[in-house]
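Listed below are the residues making up each chain.
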Amino acid sequence: MRNKSYRYTFSSEPLFTIPLFSADLSLDNESILDYCTNLWDRDPGRDVSNSGGWQSNDIPVLPEELERLFVDIHTFAEECCEELEISPVKVYNMWVNINQHKDFNWPHDHSDSALAGVYYVKTPNNCGDIAFEHPVEDKMTIMPSVEGRLYIFPAWLRHRVNPNMSREERVSISFNLDH
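Along each chain, residues carry numbers from 1 onward, in the same order as the chain's sequence is written. Thresholds applied to this predicted model are a pLDDT of at least 70 for local features of residues and 80 or more for the giving and counting of side-chain atom pairs; totals over whole chains, interfaces and linings are not thresholded and use all residues. Only hydrogens and water are set aside when side-chain values are computed; all heavy atoms of the structure are taken into account.

Asks: Just checking my understanding: could you explain the pairing of strand β9 (residues 149–154) for this structure?
Replies: Looking down a regular strand, the side chains alternate between one sheet face and the other. Burial here depends on accessible area, computed with a 1.4 Å probe over protein chains only, as a share of the maximum for the residue type. Under 20% is buried, over 50% is exposed, and the range in between is partly exposed. To qualify as a helix, a DSSP run of H or I must reach at least 4 residues; to qualify as a strand, a run of E must reach at least 2; elements of each kind are numbered from the N terminus. Of all six residues in β9, six are buried; the element is thus mostly enclosed. Bridge count between strand β1 (residues 21–24) and β9: four bridges; the pairing is antiparallel. Residue pairing in the sheet places D24 in a bridge with R149 of β9. The criterion for strand pairing is that DSSP finds at least two bridges linking the strands in question. The sheet contact formed by strand β6 (residues 115–122) and β9 spans five bridges and is antiparallel. By the bridge assignment, G117 is partnered in β9 with I152.

Set out below in structure tokens:
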């Protein structure tokens, strides 16, 4: 084996990184879950990226049950923006997702905003995790759906939600953040 002698200092730095921010929140998920299931009863919902399941229309007025979550999202988003060195963002829309047995969400992005996120309200075992696509390679990174967990990520990052194989509903609240 040849001995290598260098006249330079070797270094390596990541050129592009994709941040995924997460926080575990301590909220009253029972009241949030009650709000979500009551909304399910009165909102016909919409089909955007969901295959089966139910996605509410945008929540037009912030209900009392979501006020603390809303504040926590904004506080956490401020920290994310500082880390990313971008100007602060605010929630500009929010909706509820309820996926029953075998329901899932197709790969999609939220490219009309700066950041996107999801908060998990109810996550029974084997309820389907969120999977993020690598933007260049054919790889997926799976992140667990954990009750009380908040994720914030670049809105252009394609992701999907794997099928809910539980017999119980998975309930989450998704949102977009922009300047």
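Asks: Would you take a moment to explain the environment of R46 for this structure?
Replies: With respect to the helices and strands, the residue R46 is situated in the loop between α1 (29–42) and β2 (50–51). Expressed as a C-alpha distance, the spacing of R46 and I59, which sit 13 residues apart in the sequence, is 12 Å. When checking whether two residues touch, look at their non-hydrogen atoms; a contact exists if any pair is within 4.5 Å. Each residue touching R46, except ones within four places of it in the same chain, is listed here: Q55, S56, N57, D58 and W95.

Asks: Sorry, what's going on with the layout of surface pockets here?
Replies: Remark: the empty space left among the atoms is shown by a probe the size of a water molecule rolled over them. Each cavity reported here is a set of points on a 1 Å grid over the protein atoms alone in which a 1.4 Å probe fits but cannot get out, each pocket an open set with protein on both sides within 12 Å along at least five of seven lines, and each lining residue one with an atom within 4 Å of a point. Grid points are joined across faces, edges and corners, and a volume is the space filled by probe spheres set on the points. When its volume is computed, the largest pocket comes out at roughly 380 Å³. The wall of the largest pocket is formed by 25 residues, among which S49, Q55, W95, H108 and H110 lie closest to the centre. Contributions of two or more residues to the lining of the largest pocket are made by β4 (90–99), β5 (104–108), β6, β10 (159–161) and β11 (170–178). Classifying every residue of the lining of the largest pocket gives eight nonpolar, 13 polar and four charged. Note on residue classes: Ala, Val, Leu, Ile, Met, Phe, Trp, Tyr, Cys and Pro are nonpolar, Asp, Glu, Lys and Arg are charged, and everything else, Gly too, is polar.

Asks: What is the right way to look at the sheet that holds strand β3 (residues 54–55) in this model?
Replies: Through backbone hydrogen bonds, the strands of a sheet pair up, either in parallel or in antiparallel fashion. Read across the sheet, six strands follow the order β1-β9-β6-β11-β4-β3 without closing on themselves; strand pairing throughout is antiparallel. Every other strand in the sheet has two partners, leaving β1 and β3 as the edge strands with one partner each. Here the axes come from fitting lines to C-alpha atoms, over the contacting stretch only for helices, and the angles between their N-to-C directions go from 0 to 180 degrees. In this fold α1 packs onto β3, β4, β6 and β11, with an angle of close to 100° to the strand it touches most, β6.

Asks: What's the story with α1 in this structure? I'm lost.
Replies: For an α-helix the count is 3.6 residues per turn, leaving residues at separations of three or four pointing the same way. Here the expected span of a helix is defined as 1.5 Å times the quantity of residues minus one. A rise of 1.5 Å per residue sets the reference length of α1, with its 14 residues, at 20 Å; its end C-alpha atoms lie 20 Å apart and thus fit the reference within 8%. Among the residues of α1, those classed as buried are N29, I32, L33, Y35, C36 and L39. For α1, the angular spread of the buried residues around the axis is 160°, confining them to a single face. Turned more than 90 degrees away from the buried face of α1, the exposed residues are E30, D41 and R42. In the core, the buried residues of α1 are packed alongside β3, β4, β6 and β11. When we speak of the arc, we mean the arc of directions from the helix axis to the C-beta atoms.

Asks: Would you explain the pattern of salt bridges in this entry?
Replies: Opposite charge on two side chains permits them to pair, given that their charged atoms come into close proximity. Basic side-chain nitrogens of Lys or Arg form a salt bridge, by our definition, when they fall within 4 Å of a carboxyl oxygen of Asp or Glu. Enumeration over the complete set of coordinates arrives at seven salt bridges. Put simply, D58 and R46 hold a salt bridge, and the shortest N to O gap is 3.0 Å. Note that D58 is positioned in the loop between β3 and α2 (67–84) and R46 in the loop between α1 and β2, a separation of 12 residues in sequence. The class for R46 is partly exposed, based on a relative accessible area of 24%.

Asks: Got a minute to help me understand the sheet that holds strand β7 (residues 130–133) in this structure?
Replies: Strand order in this open sheet of five strands is β2-β5-β10-β7-β8, and the pairing throughout is antiparallel. The open sheet terminates on both sides in strands that have one partner only, identified here as β2 and β8 (140–143). Pairing geometry for β7 and β10, over three bridges, is antiparallel. Pairing of A131 across the sheet is with R160, part of β10.

Honestly, that's just the spatial picture; any functional story needs more than this.
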